[in-house]
Amino acid sequence: MNFSEILSQKSATHHLQSMLKTGRIPPALIFLGPAGCGKYPAAIAFSAALNCTKIPYIEKAKKKTLPKISDDLFSSIEEPEQHELPEEENIPEKLNIPPWESCGKCLSCIQIKNNAHPDIIITGLEDQLEKTGKESANLKIDTMREMIKKAYQKPFISPHKVFIVRDAEKLLPEAQNSLLKTLEDPPEGTIICLLASDKNSLLPTILSRAAIVKFSPLSEEAMKILLKKEGFPSDDLEFFSKNSLGSLDKARKIKIFRDRSRMLNNDRSRIFQFASMLPKDSHKAREETNAFLELMAYRQREIWKNTPGKQHSYAKLIKEVMELRSLTRRNVSSSRILEAALLSSEEAGITIDQLLGE
Ligand SMILES: [Zn+2]
């Protein structure tokens, strides 16, 4: 992954590349922007450029080494494989690539491509679930403590040790507090990138210690290209790129809603059936309800704009949906909220199918 592959994020990539150009790299960065807008690929491109040696790697026969038993309790990273250095006369020349881009050919770049770079450590909800076996809606203090311990170990092969924290908006306050000391006085060569979709979820003490790199929602054109890559059918690209508000995550969620709606009975029970398909986990159900109501309000507004005769009833409906959306932040059953919103919508003449562009 390099910067030329990042679509529709000119300002953010320019900001990151200017840091690489000047060599003034802040030890803590916050990548701020909607979920699924390219923050993660940009963090990878940034880490790649940062650690790129621009010297093409030539693989030689691997040395046979016995597996080493780690004596470091906290290290879950295996040491890089031992490779023989090329003969002196065969050492390749440094590529003529500027510091703000990666070459894709050196050992560091190859390891990043293979998700196996020992000095680029990625954490987030998925990683936390894998390690603990417990599903959680938040990033916990233990996950951050484990990361901090690694931050104080020396890099294995590269000058910079980069930590990429996905879902940083889900960091619990105590987990954020545990990061403060490391953000303020980081070990040399350590760079921490927090990837967050909501600035308000981060403590002011975190915000004040990091450089903020702002990402925008993806353009419709970029959405179409990326959705096509993900396997969305060509006929659907227009609908999804228009209604996902520049977020691949939203597009994926809408796709799930649409798949569910295709399984519904064709009768009055469909609303209740649809609401009963929300996840059992209350946090996830709340998130999904919120995402669906956001889509509803957007779709209803579009329909309202294009239907001059019924504007009064649509305006009332949109207001109702917005009020229901505010309830998702309180302790109210998500399926009840979703049912109420869908009933109001159908009463105003907008069905689930219309909301989902069917
Ligand atoms: Zn490289």
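Rules behind the numbers
- Within every chain, residues take consecutive numbers counted from 1 along the sequence as written.
- Local features are withheld for residues below a pLDDT of 70 in this predicted model, meaning they are given only at 70 or higher, and side-chain atom pairs are given and counted only at 80 or more; totals for whole chains, interfaces and linings count all residues.
- A run of DSSP states H or I qualifies as a helix once it reaches four residues; a run of E qualifies as a strand once it reaches two. Both are numbered from the N-terminal end.
- Whether a residue is buried, exposed or partly exposed is read from the other C-beta atoms within 10 Å of its own C-beta, which are placed from the backbone; 20 or more gives buried, 12 or fewer gives exposed, and intermediate counts give partly exposed.
- Contact between residues is assigned whenever the C-beta positions, reconstructed from backbone atoms, fall within 7 Å.
- Two strands form a pair only when DSSP identifies at least two bridges running between them.
- The domain limits used here are those given by an automatic or database domain assignment.
- Ten residues, namely Ala, Val, Leu, Ile, Met, Phe, Trp, Tyr, Cys and Pro, are considered nonpolar, four, namely Asp, Glu, Lys and Arg, are considered charged, and the remaining ones, Gly among them, are considered polar.
- For helices, the axis comes from a line fit to the C-alpha atoms of the stretch in contact; other axes are also lines fit to C-alpha atoms, and the angle between any two N-to-C directions lies between 0 and 180 degrees.
- An angle below 35 degrees is treated as roughly parallel, one above 145 as roughly antiparallel, one from 65 to 115 as roughly perpendicular, and anything else as oblique.

Novice: An account of the overall build of the chain is requested, with residue identities and associated values reported.
Specialist: The number of helices and strands found in the chain is 15 helices and five strands. Along the three orthogonal principal directions, the C-alpha set of the chain runs to about 80 × 40 × 40 Å. The buried share of the chain, reckoned over its 358 residues, is 35%. Relative to all contacts within the chain whose residues are 6 or more apart in sequence, the contacts with residues 24 or more apart total 77%.

Novice: Would you mind going over the pairing of strand β1 (residues 28-32) in detail, with residue names and values included?
Specialist: Counting buried positions along β1 yields four of five residues, so the element is predominantly enclosed. Inspection of the sheet shows β1 paired to strand β5 (residues 211-214) by four bridges, in the parallel sense. Within β5, the residue paired with Leu32 across the bridge is Lys214.

Novice: Go over the domain arrangement of the chain, please, and point to the residues and values.
Specialist: Split into domains, the chain comes out as domain 1 (3-214) and domain 2 (220-355). Each partner contributes residues to the interface: domain 1 has eight residues there, and domain 2 has 10 residues. Broken down by class, the residue content of the side of domain 1 that touches domain 2 amounts to five nonpolar, two polar and one charged.

Novice: Got a sec to walk through the packing of helix α13 (residues 311-327) against helix α14 (residues 334-347)? Specific residues and values, please.
Specialist: As a packed pair, α13 and α14 sit with axes 10 Å apart at the nearest point and diverge in direction by 180 degrees. It follows that α13 is roughly antiparallel to α14 by the angle criterion. Contact with α13, carried on its side by Leu317, Glu320, Val321, Leu324 and Leu327, involves Ile337, Ala340, Ala341, Ser344 and Ser345 of α14 and no other residues of that element. Split into classes, the residues belonging to the contact of α13 with α14 amount to seven nonpolar, two polar and one charged.

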